[in-house]
Amino acid sequence: MQLPSATIPETELHRRLQGLDATLLPLKDRAAALDRFLATPSGRQRPSRFWRVDLDAIAPNPETISSDAVTVRVENAPDRVVACDLATAAREYADLLSRAFGTTDAAATKFGALARAFAGTGCFVYVPADYDCAETIGITYSVASNAVAFCYTVVLLEHGARATVLERYAGGANAFVCAITEAVTGESSDLTCAAYQRLDAGARFFVTRAALPGRDAKIAWASADFGADLTVGDVSATVAQPGIEAAVTSLFFPTGSQHVDIVSTVDHAVGESSSRTHVKSAAAGSGQARYLGNIRIAANAQGTDSSLRDDALLLSQRAHIDSVPALEISANDVKAYHGATVGALDEEQIFYLESRGIDRTAAERMIALGFFEPAIAAFPTETLREGLREALRAKVL
Amino acid sequence: MSDQGLRIAGLYCNVAGNEILKGIDLVVEPGKVHALMGPNGSGKSTLAFSLTGHPQYDVTKGTVTLDGEDLLALAADKRARAGLFLSFQYPAAIPGVKVANFLHAARQAERPGDLPPAKFRALLLEKMELLGMDPSFMGRYLNDGFSGGEKKRLEMLQLAVLAPKYAVLDETDSGLDVDALKAVGESIGALRASDEGRDTGFLIITHYPRILQHVKADVVHVMIDGRIVKTGGEDLALRIEREGYDTIREEIGAIA
């Protein structure tokens, strides 16, 4: 199995690549991905007065990398849908898997490259043509405490297919969790890919979510990152076919000493397409967040209709949220809306509720919870939405 | 009892350092309707906000009691729980908070545990029908994207649902069309005819006498430049409708 040492440098992390599933991904490709992880800057916020984390200095401890660090559970997959672990997919559905696995930009980011290098534990979901999957397919990653865990989800929808996939990330006290979700969809398909991250305290979570939708397809990302001490997220949609409707929803709410750093990117390479980016965040305690929202519209992407709406709520003096919208528009016949707010709770809103007998604390809670409500509607299943509300209630206190 | 009523005595109030109210004396008795009229900028809305305890309205002198309770010593939410209600001219929009949940929270705050949820819902639907409001209002976000008329109807719905001891209506009639005004009048009439609202005292703040065609005022006050300059019956409202505020202004000038 071992390749000549000339091609595989002998760092401890590289040595840990050996013995990983070569059917899924050959060792030399893994090594190349790991090299990219080591060589690529995070492109993230540098440590400063407000920001205490140096993302460029973060790497997993090779000693604690283990294949049983995470268990995967799949629920609600109908018979006509393939939903299996990645190793099985590599053996039994190699042709299908290869149409999606590694075909998006997911491994282009620093931590996406790391997740690709260690690809192993994960799930492949395949929905055949014109099949409307009414049930929400659930994928739950349960991470062991203190572990280094890699989670890799691949979703492939054929033309005309419709599906909703919900990933959950749980457990993982003090763990290092590095995840990828790749979504590749066919013409006129409709995919909603939601993720709810509620990892335990001490966890560090690095997630890259990338989509490559087909012509006239609808693609929706919806992510809620409420757990872990550190969340570094990268969510993107590449709009390379006309008629695509892309939606990106992101919720996060650092409290205590949590850090969240999210980058969203919608790349309109062709015109006659639309995208909606909707971010709702709050911070309390010493919680810190940074959000960078990219909308890129190429010169020939005429007739693009895009919007970026980003609202941040600061619930304590020490909480901090940096919000940076970045619109790069090279075409001239486009609609591009952008709006952002950062601020404390509105005193007039509080007074209005107080004037109806509701005490100040309850009024603040109602307004803060209501703030997230329009974005919660983007998430599938009433159970999940109620779970999100419950988590928010605990955070707002 | 002598301490019954919403009793305002010698009330002075500053807004952003400017003295707006310059000694207001006014008593609204239980079950009575008082109209407070006056030109723009006379201080009518300032009186409304100073009663409810808005933090930007700084009461510098005077007293306000509600059935004997010192209102000025209470925070805004406690004033509401004591039985005071203000219908806002420009109520705040609160996205994400559904009308039904808000109304339930308000009713619970002011009348804890008095109605099981099913009965409360029935009460809401009944009051909404009276105001010509579609039941779909319940699922909308509070005042978010509401038209001016919808906001006013929602204020009146809250009045009906909360049935306060004293209600201050700040220009509820402004911006309402004839039908909406009629519905508002009927809703107030229904409240006053109910057991809950029989003793509700009203202070109706308005520019124009037209709302008084739908809600008959027992007493009419005219406010100019932070003072109540004239008090009378319905005929005073009719006079304002005929002559405007100028002749009253001249009268005061002549006295002073």
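Remember, it's a predicted structure, so these values are computed and weren't measured experimentally. (Residues numbered from 1 in each chain as written. Chains lettered and ligands numbered in written order. Predicted model: local features only at pLDDT ≥ 70, side-chain atom pairs only at ≥ 80, totals over all residues.)

Enquirer: Help me understand the sheet that holds strand β18 (residues 335-343) of chain A, please; the structure alone is not making it clear to me.
Expert: All names here are of chain A. Spatial ordering of the open sheet is given by β1-β4-β6-β8-β10-β12-β14-β16-β18, a layout of nine strands whose pairing is mixed. Of all the strands in the sheet, the pair left with one neighbour each is β1 (70-75) and β18. Sheet twist, expressed as the average angle between the axes of neighbouring strands with direction ignored, equals 10°. Relative to strand β14 (residues 274-283), helix α7 (residues 360-376) is tilted by about 160°, and along the sheet it contacts β12 (245-252), β14 and β16 (305-314). (Pairing = 2+ DSSP bridges. Helix = DSSP H or I, 4+ residues; strand = E, 2+ residues; numbered from the N terminus. Axes fitted to C-alpha atoms, helices over the stretch in contact; angles between N-to-C directions. Contact = placed C-beta atoms within 7 Å.)

Enquirer: Explain the environment of A:Val70 to me, please; I cannot follow it from the model alone.
Expert: Along the chain, A:Val70 falls in strand β1. Residue contacts for A:Val70: discarding those within four places in its chain leaves A:Thr121, A:Tyr141, A:Ser142, A:Val143, A:Ala144, A:Ala149 and A:Cys151.

Enquirer: Help me understand the interface of chain B and chain A in this model?
Expert: Much of the literature gives interface size as the accessible area that the parts lose upon coming together. In this assembly, 19 residues from chain B lie in contact with 19 residues from chain A. Looking at the side of chain B that touches chain A, the elements that each hand over two or more residues are α2 (76-82), β7 (94-98) and α3 (99-110) of chain B. Of the residues assigned to the side of chain B that touches chain A, the class counts are 12 nonpolar, four polar and three charged. (Nonpolar A, V, L, I, M, F, W, Y, C, P; charged D, E, K, R; others polar.)

Enquirer: Which parts of the structure should I look at to understand the environment of B:Arg140?
Expert: Position of B:Arg140 among the secondary structure elements: in the loop between α4 (117-130) and β8 (141-142). For the pair formed by B:Arg140 and B:Ala193, sequence separation is 53 residues and the distance between their alpha carbons is 29 Å.

Enquirer: Where do I start with the nonpolar core in this structure?
Expert: Looking at soluble globular proteins, one finds that nonpolar side chains tend to be buried together. In terms of nonpolar packing, the biggest core is built from 203 residues, with A:Ala115, A:Val143, A:Ala149, A:Val177 and B:Ile204 touching the most fellow members. A total of nine residues in this core trace back to one element, the largest contributor, which is strand β5 (residues 148-157) of chain A. Excluding anything up to four places from it in sequence, A:Ala115 contacts A:Phe150, A:Tyr152, A:Cys178, A:Ala179, A:Ile180 and A:Thr208. (Core = buried A, V, L, I, M, F, W, Y, C linked by C-beta atoms within 7 Å. Buried ≥ 20, exposed ≤ 12 C-beta atoms within 10 Å, placed from the backbone.)

Enquirer: Got a minute to help me understand the packing of helix α2 (residues 27-39) of chain A against helix α5 (residues 110-117) of chain A in this structure?
Expert: Angle between the axes and distance between the axes: these two values describe a pair of packed helices. All names here are of chain A. Interhelical geometry of α2 versus α5 gives an angle of 155° and a closest axis separation of 8 Å. With respect to each other, α2 and α5 are oriented roughly antiparallel. Read as a crossing pair, α2 and α5 show a hand that is left-handed. Of α5, the residues touching α2 (which contributes Arg 30, Ala 33, Leu 34, Arg 36 and Phe 37) are Lys 110, Ala 113, Leu 114, Arg 116 and Ala 117. (Parallel < 35°, antiparallel > 145°, perpendicular 65-115°, else oblique. Left-handed = near helix turned anticlockwise from the far one by under 90°.)

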